[in-house]
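Residue strings, one per chain:
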Amino acid sequence: MLSPNTDPSSTAAAAPSSERVPPFEIHDMTVAYHNKPVLWDVDLTVPENQLIAILGPNGAGKSTLIKAVLGLIPRASGRVDIFGKPYETNRSLVGYVPQRESVDWDFPISALEVVLMGRYGHLGLFRRPGKHDREISLDALDKVGMADYAERQISQLSGGQQQRVFLARALVQDARLYFMDEPFAGVDAATERAILTLLRELKEQQKTVIVVHHSLQTVREYFDHLILLNMRVVAHGPMAETFNDDNLQKTYGGRLAILDRAAEAVRQAKE
Amino acid sequence: MQRFGLLWLIPVALALEITAVEAFGLEPIQQGIVVLADLFGLHYNSFLIWLGTSLLGLTSGVVGAFAVLKKRSLVGDAVAHAALPGLAIAFMLIGERNFIGMLTGAAISGILGSLAISWLIRHTRIKSDAAIGIVLSVLFGLGIALSRIIQDDPTGQQAGLDAFLLGKTAGMISQDLLTIALVAANVLVMVALLYKEFKLIGFDPDFAAVLGWPVLVLDGLLMALLVFTTVIGLPAVGVVLIAAMLIIPGVSARFWTDKLHVLVPLAGFFGLLTGFVGTYASAQFADLPAGAVIVLSGSAVFMISMLVAPRRGLIARSLLELTTRLRIARQNLLRTLFEAAEENENIDIPITPSVLLKLRSWSPRQLQVLSWWGRLLGEVESHPTGWRLTEAGRRHAAQIVRAHRLWEVYLVEQASIASDHVHRDADEIEHVLTPEILKDLEQKLQAAGRWPATAPSSVHPLTEGEHA
């Protein structure tokens, strides 16, 4: 049996023992903006090869969780492991789809150029993407139904099409663990379906996908595993066990009550 | 990440270049200029100035393009103003007008100024525009105060700090040209080598960070290029106006292209053109500050780009707007005639102007023009009592009405997930919605009795569907 410290790149070829290393673990992570904590004591271990939703009300820290894991905002405390190693070591196994609004879509590049950026992690400094990278990127665009738009300037795409371009970019990263920040937000029905198909394909390819989601209506149908978040992990586990009134009530309703109880607990611990 | 260790080659290369320049001195450069000036049949001095300003324009155009895209247009302005106290302090320390020494001082205070801006944005509630405004004016004020102290000192007269304010190309010497050429070469090589890197950190720095790129280092490098370009431009264009040299070429080029790999060289070319033409113009108007003349030349490039550029230029845009309005007006006319006919339950009855005017907010005159246009297109025929649709008009109108109603239903049914499509033209419905959704919507329309293909009773078939 392999120890947890085994180099994951050597086990990447789907060796059975590699599945014993969880794709993603957070230990005791706290994230704060200035002096205000937005995520408290997050402890998470997610199973491999699942479609995992992070669900919670606005301001619950869903995006913050992903960004803190990816090192885009500093963590006040805690550790993140990707396939059993620090994120910094194993970042090449991670793919990322940021929120669509996070970039300037008027930037003068084509859809294909955006997708090619997903290959940059495989290229060295100064090296330009080659023919092989182009082929991979065109394939990915085809997969999200955007092959005809490869040369289109990105500001001429609709919101849903822009989202698909971002997904294609993550695909060519060729990662094993994906983080997607609200890919379903504000997209048309066709795009929603295209994204869902893609998620299921990724699952078939033994990937793990963690998605920030906002819709209580669709989450049960789309995902296998659920993380309910509201400044802390309220509940997480397989969808069937986790998606219930009690947990949702704890996540969405009585938000103030939760904070009050937490503050009370902190006070008691200090005394 | 390891492969970015190569970035250490940059300071090494710079050190080698400086050593080489010191070893060979100015001789080879001066001889080169003499040879080239002879070749073009120009006077040594004017050729030198021309070369200097053109190179400066090229460099600032290329670097400025990235700054504009990163929404950092004004940072160049702030850096330039912040450079003034550095120039003055360097002169005080060195005690004579030493181009490289003074530019080093300018670069240092420029960098400090830009760091102060980032610090203010990051650690206080001050927003970027206010932060730039504060740093720019405070350091500029300090610079003015220091240069007044220098000017009052008898040895300070020769500092020529006034030239740094508004620019003076005439005073350029081979030493200055060498500095400009050196910085220009480094900047251009760096942009060429790191094009892919600058492109990604311009578009999506977070994604670059996730890939493990040293975003702060690359960003700092881009910033350094901006600072050095600004600083070498100070003697020619001046503190107050150098920002225009950075901004105008990039903004002008943006009108002409949607492609970064075209935009960057084009901005360089526009910058070069600005420097070249500006120098010529400033020779004609020797009394005016060179900076002003060069910037005014650049504004000509901008004006022309803004007006005549295809697609993005103002003329092309207003033409597009006009054709769109005409198309919508035509669609409205056809749709109104068609729907009025639906009301009559007979497509052959002509529609009177008063009915049309009631249905639409047209003036009688607009209606006259529209119907004239409809007849011209063969879609409307006039009748003593009004107008009615021709065969072709009916087919087109049915199409428009169909798309319009599908769209209506779609927006009502699914507006919450389609919010990003509301602005779409009804014509494009088939491109946006999937066939399944269209079918579903069609059924809904038919169920409500609003499907335009069958609605008005007519002896004439309205759509191809009914032909069959």
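Structure report, in brief. Keep in mind that what you see is a predicted model, and the values were worked out from it rather than measured. Sequence order as written defines residue numbering, which begins from 1 separately in each chain. Whichever chain is written first becomes A and whichever ligand is written first becomes 1, with later ones labelled in order. Selection of residues for local features in this predicted model requires a pLDDT of at least 70, selection of side-chain atom pairs for listing and counting requires 80 or more, and totals for whole chains, interfaces and linings are taken over all residues. Hydrogen atoms and water are omitted, and side-chain values are computed over all heavy atoms in the structure.

## Side note on the packing of aromatic side chains
Only Phe, Tyr and Trp rings are paired, with Trp represented by its six-membered ring, and only when their centres lie within 6.5 Å; those with planes under 30 degrees apart are stacked, over 60 edge-to-face, the remainder tilted. In this structure the tally under the stated criterion is 13 aromatic pairs over all chains. Measuring from centroid to centroid gives 6.1 Å for Phe269 of chain B and Phe270 of chain B, while their planes differ by 45°, and the two rings are tilted. Exposure is judged per residue with a 1.4 Å probe applied to protein chains only, and the accessible area is read against the type maximum: over 50% gives exposed, under 20% gives buried, and values in between give partly exposed. For Phe270 of chain B, a relative accessible area of 9% puts it in the buried group. Every member of this aromatic cluster is reached through a ring pair, and the members are Trp105, Phe107 and Phe166 of chain A together with Phe203 of chain B. The ring of Phe207 of chain B is capped by Arg169 of chain A, whose NZ or CZ atom sits 3.5 Å from the centre of that ring. Working rule: Lys NZ or Arg CZ, within 6 Å of ring centre, within 35 degrees of ring normal, means a charge sits over the ring. The positively charged end of Lys196 of chain B is found above the aromatic ring belonging to Tyr120 of chain A, 5.5 Å away from the centroid.

## Brief notes about the sheet that holds strand β1 (residues 24–33) of chain A
All names here are of chain A. Here the rule is simple: two strands pair whenever DSSP picks up at least two bridges between them. A helix here means a DSSP run of H or I that spans at least four residues, while a strand means a run of E at least two residues long, and both kinds are numbered starting from the N terminus. Ordered by their spatial adjacency, four strands build an open sheet running β2-β1-β4-β5, and the pairing between neighbours is antiparallel. Of all the strands in the sheet, the pair left with one neighbour each is β2 (36–46) and β5 (85–86). Sheet analysis places β1 next to strand β4 (residues 77–82), joined by five bridges and oriented antiparallel. Looking at the pairing, Thr30 lines up with Ser77 of β4. Lying over the sheet, helix α2 (residues 62–69) contacts β1, β2 and β4, oriented at roughly 110° with respect to β1. In this description, contact between two residues means that some pair of their heavy atoms is separated by no more than 4.5 Å. Between the N-to-C directions of two axes lies an angle of 0 to 180 degrees, each axis being a line fitted to C-alpha atoms and, for a helix, fitted only over the stretch in contact.

## Focus: the sheet that holds strand β10 (residues 233–238) of chain A
The strands making up a sheet associate through backbone hydrogen bonding, with each pair oriented either parallel or antiparallel. Residues and elements named next belong to chain A. Here we have six strands laid out as an open sheet, ordered β6-β7-β8-β3-β9-β10, and mixed in their pairing. Edge positions in the sheet fall to β6 (94–97) and β10, since each has one partner strand and no second. In this sheet, neighbouring strand axes are inclined to one another by 15° on average, regardless of whether the strands run parallel or antiparallel. Summarising the sheet, strand β9 (residues 225–229) and β10 pair through five bridges and their orientation is antiparallel. Each residue of the ladder has a partner; that of Leu229, found in β10, is Val233. Sitting on the sheet, α2 touches β3 (51–55), β6, β7 (177–181), β8 (208–212) and β9, and the angle it makes with β7 is about 140°. Packing against the sheet, helix α6 (residues 159–172) makes contact with β6 and β7, and its axis sits at approximately 170° to β6.

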